[in-house]
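Listed below are the residues making up each chain.
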Amino acid sequence: MKKYLITGGRGYIGSVLARRLARSGADVVVVDNGLVGGPEPDLPGITHVDGDVRDTGSWEKALDGVDAVVHLAAIVGDPACGVDTDTAWEVNYRGTIQVAEACRRADVRSLVFASTCSNYGVTGDTEVDAWSPLAPQSVYAESKVMAEHYLFSLPHDRLSSRLLRFATVHGLSPRMRFDLAVNVMTAHAVSGGAVTVYGGTQWRPFLHVEDAAAAVQLVLGDDRRTGSSVHNCGSREENHRMDAVGALIAEEVPGTSVEVRKEQTDPRNYRVNFDPIARELGFRPSLRVVDTVRHIRDAMGRGEFTDFGAARYSNHQIALAQRAKHIPTRAL
């Protein structure tokens, strides 16, 4: 039986991944500080440890017998990182160093690291691959780029790091988020009959949260490779312009109007090539943006998520609340 440790295992991706791995028969240790985590799953095979990635003493013993670590814990998203940039660097960059060093001390030689396609920043209509220049436009992306550089600098015979640059994630999760584009736009369409698109011409790649977890599971099971690697994680077909996403939501939620505010736009604009992860690892996402729109539409039709604007669904709002309380922001 394989044993895996997941940092941030109660978060948006982590809560899905922990359940998938446990159901596959793996022994799973979830390390999470509980700040934004969803409910603790009571599935057999999942052990929970209250710990912070910056304080390895609180959870390092849990590395005993672990075959691989999946490092998901981070302050996630541009707005959340912008609330307290010093803490964002401390968690996302220094926290990654702490996790990697803890792995090396425990002789855990395999690490899967959650990075982001936001690292590409601005590419326009040009499709980028994993070796294209990086142009991070936010502290969030900058901290991920620096964490990648650190992991690649380590001796590969001591720690093999598999980096996954996730596309923009969407979909239902035990730790639900409504600060993600597809999720929140769909919720507004269902609740208010309107969607606002800012800019509209910018490209984004998208990835369902279940497929993000499936990609990690695939990497964990791939014993053919040694050394470190980086893969864009998504599918070419799920590169969409934001105005097209708005139109898709309007089609799936009848009666929805779409307002495009061209004067307000996000500087990030990138299309991503995902062929290598399909060719080399056999990764092919099974869910699309339209599936999430339908899932959220149907869930809200059943009376779920009537409070989608609540702070607990937003990393940014949680970070603001922590700052207002003068409490140091912890990993999201």
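See the structure printed just above.
Not measured: the values here are computed from a predicted model.

The rules behind the values
- Residues numbered from 1 in each chain as written.
- Predicted model: local features only at pLDDT ≥ 70, side-chain atom pairs only at ≥ 80, totals over all residues.
- Heavy atoms only, no water.
- Helix = DSSP H or I, 4+ residues; strand = E, 2+ residues; numbered from the N terminus.
- Rg over C-alpha atoms; globule rule 2.2 N^0.38 Å.
- Buried < 20%, exposed > 50% of the residue type's maximum accessible area, 1.4 Å probe, protein only.
- Contact = heavy atoms within 4.5 Å.
- Lys, Arg positive; Asp, Glu negative; His and termini not counted.
- Charge placed at Lys NZ, Arg CZ, Asp CG, Glu CD.
- Core = buried A, V, L, I, M, F, W, Y, C linked by side-chain atoms within 4.5 Å.
- Disulfide = S-S within 2.5 Å.
- 1 Å grid on protein atoms, 1.4 Å probe; cavity = no way out; pocket = protein on both sides within 12 Å on 5 of 7 lines; lining within 4 Å.
- Points joined across faces, edges and corners; volume = space filled by probe spheres on them.
- Salt bridge = Lys/Arg side-chain N within 4 Å of Asp/Glu carboxyl O.
- Pairing = 2+ DSSP bridges.
- Axes fitted to C-alpha atoms, helices over the stretch in contact; angles between N-to-C directions.
- Phe/Tyr/Trp six-rings, centres within 6.5 Å; stacked < 30°, edge-to-face > 60°.

Asker: Would you take a moment to explain the overall build of the chain for this structure?
Answerer: Tallying secondary structure elements over the chain gives ten helices and 14 strands in all. Computed over the C-alpha atoms, the radius of gyration of the chain is 19 Å, within 12% of the 20 Å expected from 2.2 N^0.38 for a compact globule of 332 residues. For the chain, the spread of C-alpha atoms along the three principal axes comes to 55 × 40 × 40 Å. Looking at the chain as a whole, 56% of its 332 residues are labelled buried. Counting only contacts in the chain whose residues sit at least 6 apart along the sequence, the fraction spanning at least 24 positions is 81%. Across the chain, the mean location of the 37 positive side-chain charges is 1 Å away from that of the 41 negative side-chain charges.

Asker: Which parts of the structure should I look at to understand the nonpolar core?
Answerer: Counting 85 residues, the largest nonpolar core has Leu5, Val28, Val69, Leu164 and Phe166 as its most contacted members. Judged by nonpolar contacts, the second largest core, of twelve residues, contains Val197, Phe206, Met242 and Val293.

Asker: Which parts of the structure should I look at to understand the state of the cysteines?
Answerer: Disulfide: a covalent bond connecting the sulfur atoms of a pair of cysteines. Following the criterion strictly, the structure yields zero disulfides and no others. Cysteine cysteine 117 is unpaired, with the sulfur of cysteine 233 as its nearest cysteine sulfur at 8.1 Å.

Asker: Whenever I open this one, the layout of surface pockets confuses me. Can you help?
Answerer: Empty pockets left among the atoms are what a rolling probe the size of a water molecule brings to light. Approximately 1300 Å³ is the volume attributed to the largest pocket. Around the largest pocket, the lining comprises 50 residues; the ones closest to its centre are Arg177, Asp179, Leu180, Ala181 and Arg268. Where the lining of the largest pocket is concerned, the elements lending two or more residues are α2 (78-83), β5 (110-116), α4 (139-153), β8 (168-170), α5 (181-192), β9 (194-198) and α10 (315-324). If you tally residues by element for the lining of the largest pocket, the top one is β9, at five residues.

Asker: What is the right way to read the pattern of salt bridges from this model?
Answerer: Two side chains that carry opposite charge are able to pair once their charged atoms sit near each other. Taken as a whole and judged by the stated rule, the model has 22 salt bridges. The salt bridge involving arginine 165 is made with glutamate 148; its shortest N-O contact spans 2.7 Å. A residue pair is termed long-range when its members are at least 10 positions apart, and arginine 165 in strand β7 (residues 160-166) and glutamate 148 in helix α4 qualify at 17 residues. The class of arginine 165 is buried, set by a relative accessible area of 4%. Note that glutamate 280 and arginine 279 form a salt bridge whose closest N and O atoms lie 3.9 Å from each other.

Asker: Looking at this structure, I do not really get the sheet that holds strand β10 (residues 203-208). What am I missing?
Answerer: Paired through backbone hydrogen bonds, the strands of a sheet run either parallel or antiparallel to each other. Pairing is mixed across the open sheet formed by three strands, whose spatial order is β8-β10-β12. The sheet is open, and its two edges are formed by β8 and β12 (239-241), each paired on a single side. The sheet shows a mean angle of 45 degrees between the axes of neighbouring strands, direction not considered. Strand direction decides the pairing type here: β10 and β12, joined by three bridges, are antiparallel. Bridging from a neighbouring strand, tryptophan 203 pairs with arginine 241 of β12. Those strands touched by helix α6 (residues 209-220) are β8 and β10, and its axis lies near 75 degrees from that of β10.

Asker: Before we go on, may I ask you to explain the packing of aromatic side chains in this structure?
Answerer: To describe a pair of aromatic rings, you give the distance between the ring centres and the angle between the ring planes. With the rule as written, the count across this model stands at five aromatic pairs. On the numbers, 6.2 Å between centres and 85 degrees between planes, the contact of tryptophan 89 with tyrosine 93 is edge-to-face. Remark: tyrosine 93 and tryptophan 89 occur in helix α3 (residues 85-105); sequence separation between them is four residues, near one turn of the helix. The partly exposed category is assigned to tryptophan 89, whose relative accessible area is 28%. On the basis of relative accessible area, tyrosine 93 is assigned to the partly exposed category, the value being 25%.

Asker: Looking at this structure, how should I read helix α1 (residues 14-23)?
Answerer: In an α-helix there are 3.6 residues to a turn, and that puts residues three or four apart on one side. Counting buried positions along α1 gives eight out of ten residues, so the element sits mostly inside the fold. Every buried residue belonging to α1 is among Gly14, Ser15, Val16, Leu17, Ala18, Arg19, Leu21 and Ala22, and all of these are buried. Against the buried residues of α1 lie β1 (3-7), β2 (27-32), β3 (46-50), β4 (68-71) and α6.

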